[in-house]
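# Summary of structural features
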Amino acid sequence: MAQTDSTTDDLAHAPRGAVGHWAHRSGIAVVALIVVAGLVGLVGPRTDTVSSSSGGWILEVEHATLTRAGQPAPLHIRVEHAEGFTGPVQVSLCDDLFDHLDFQNWYPNPSAETSTDRALLYEFDPPSGPVLEVSLDARAAPGQWGGSNDCRVEVLADDAPVVSAAFSMRVVP
């Protein structure tokens, strides 16, 4: 008699019961739902824009609302002041946001930066016109297991907020 290399010849073959059939179908349905959600963009990166105005200042912040580890997490800040800027523009951001980002670079780069116990303060050279636009090149940091971050962006004049906008970013596994 020929010897076989099969590792399953000696296993009993029993048909699945009703519970086994339903468990199998349920598992396939869950996997199919995850695939469909991915195909229609429900689990991919998403962005939103929040804006605020006060005392002649307009602040718009385009930010990631949903991202995954290693995926882009854009941040674009637009500050407008009808009278233009007479000096550096100070922008304050929550420091918790940067705990979850793989920070690449600011465009343009700030001319100065510092921090407080709750915020990062960036100072940008004044633009030639009434609008300053700043973009952050960042991705959600690798190894993120999910969570949500609430953040506030403030434009400061004489170290006091003149306009602010809040947003949330959620990282999913």
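See the structure shown above.
Read on for a plain summary of the structure.

What counts as what
Going along each chain's sequence as written, the residues are numbered from 1 onward. Where local features are concerned, this predicted model is filtered to residues with pLDDT of at least 70; where side-chain atom pairs are given and counted, the filter is 80 or more; whole-chain, interface and lining totals use all residues. Water and hydrogen atoms play no part in the side-chain values, which are based on all heavy atoms of the structure. For this analysis, a ring pair means two rings from Phe, Tyr or Trp (six-membered ring only for Trp) whose centres lie within 6.5 Å, classed as stacked if their planes differ by under 30 degrees, edge-to-face if by over 60, and tilted for the remaining angles. Charge over a ring is defined by NZ of Lys or CZ of Arg lying within 6 Å of the ring centre and within 35 degrees of the ring normal. A patch consists of residues exposed above 30% relative accessible area that lack any salt bridge, with like charges linked at up to 9 Å and nonpolar side chains (Val, Leu, Ile, Met, Phe, Trp, Tyr) linked at up to 5 Å. Note on areas: Shrake-Rupley with a 1.4 Å probe; residue coverage comes only from the protein chains shown. A pairing counts as a salt bridge when a side-chain nitrogen of Lys or Arg comes within 4 Å of a carboxyl oxygen of Asp or Glu. Helix and strand definitions here come from DSSP, where helices need a minimum of 4 consecutive H or I residues and strands a minimum of 2 consecutive E residues; each element is numbered from the N-terminal end. Accessibility here uses a 1.4 Å probe with only protein chains present; expressed as a share of the type maximum, an area under 20% marks a residue as buried, one over 50% as exposed, and anything in between as partly exposed. By convention in this document, the label disulfide applies to cysteine sulfur atom pairs within 2.5 Å. Here, residues are in contact when the closest pair of their heavy atoms is within 4.5 Å. Here, nonpolar core refers to any group of buried Ala, Val, Leu, Ile, Met, Phe, Trp, Tyr and Cys residues whose side-chain atoms link them within 4.5 Å. An expected span of 1.5 Å times one less than the residue number is assigned to each helix. Should DSSP find at least two bridges between two strands, the strands are taken to pair.

What follows covers the packing of aromatic side chains. This model, assessed by the stated rule, comprises seven aromatic pairs. Among the aromatic residues, ring-to-ring pairing joins Phe98, Phe103, Trp106, Tyr122 and Phe124 into one connected group. Over the ring of tryptophan 22 we find arginine 25; its NZ or CZ atom is 5.5 Å from the centre of that ring.

Now for a nonpolar patch on the surface. A grouping of Val31, Val35, Val36, Leu39, Val40, Leu42 and Val43 is seen on the molecular surface, where their side chains present a nonpolar patch of about 650 Å² in accessible area. With respect to the helices and strands, the residue valine 40 is situated in the loop between helix 1 (18-39) and strand 1 (46-54). The class for valine 40 is exposed, based on a relative accessible area of 57%.

Further remarks concern the state of the cysteines. All chains considered together, the criterion is met by one disulfide. The side chain of cysteine 94 participates in a disulfide bridge whose partner is cysteine 151; the two sulfur atoms lie 2.0 Å from each other. Taking the sign of the S-S torsion, -115° for the link of cysteine 94 and cysteine 151, the bridge is left-handed. Residue cysteine 94 is located in strand 4 (residues 89-94), and its partner cysteine 151 is located in strand 9 (residues 147-157); the two are separated by 57 residues in the primary sequence. Each member of the pair, cysteine 94 as well as cysteine 151, carries the same accessibility label: buried.

The next subject is the environment of valine 163. For valine 163, the position within the fold is in strand 10 (residues 160-172). Put simply, valine 163 and leucine 59 are 104 residues apart on the chain and 6.7 Å apart in space, counted from C-alpha to C-alpha. Contacts of valine 163, omitting those with residues within four sequence positions, involve Ser52, Ser53, Ser54, Trp57, Leu59, Val153, Glu154 and Val155.

Overall, the coordinates contain three salt bridges when judged by the stated rule. Ionic pairing is found between arginine 78 and glutamate 80, a salt bridge with its closest N-O pair at 3.0 Å. Look at glutamate 80 and you get partly exposed, because its relative accessible area is 24%. Close ionic contact of arginine 118 with glutamate 154 constitutes a salt bridge, the shortest N to O distance being 3.9 Å. Of this pair, arginine 118 sits in the loop between strand 6 (112-115) and strand 7 (119-124) while glutamate 154 sits in strand 9; the two residues are 36 residues apart in sequence, bridging distant segments of the chain. For arginine 118, a relative accessible area of 54% translates into the label exposed.

Here serine 148 shows up in strand 9. Judged by relative accessible area, serine 148 falls into the exposed class, the value being 51%. As for serine 148 and valine 171, which are separated by 23 residues in sequence, their C-alpha atoms are 6.2 Å apart.

This next bit is on the nonpolar core. Counting residues in hydrophobic clusters, the biggest one holds 33 residues, and the most contacted among them are Leu59, Leu75, Ile77, Leu97 and Trp106. It is strand 10 that contributes the most residues to this core, five residues altogether.

Now for helix 1. Between the first and last C-alpha of helix 1 there are 32 Å, a value that for 22 residues agrees with the 32 Å anticipated at 1.5 Å per step. Just downstream of helix 1, glycine 41 is the residue with a positive phi angle, here 85°.

Let us look at the pairing of strand 10. Pairing analysis gives three bridges linking strand 2 (residues 57-68) to strand 10, with the strands arranged parallel. Its bridge partner being in strand 10, leucine 66 is matched across the sheet by arginine 170. In this structure, strand 9 lies alongside strand 10, joined through 11 bridges in antiparallel fashion. Residue pairing in the sheet places arginine 152 in a bridge with alanine 166 of strand 10. Once strand 9 ends, the chain turns through two residues before running back antiparallel as strand 10, passing aspartate 158 with a positive phi of about 55°.

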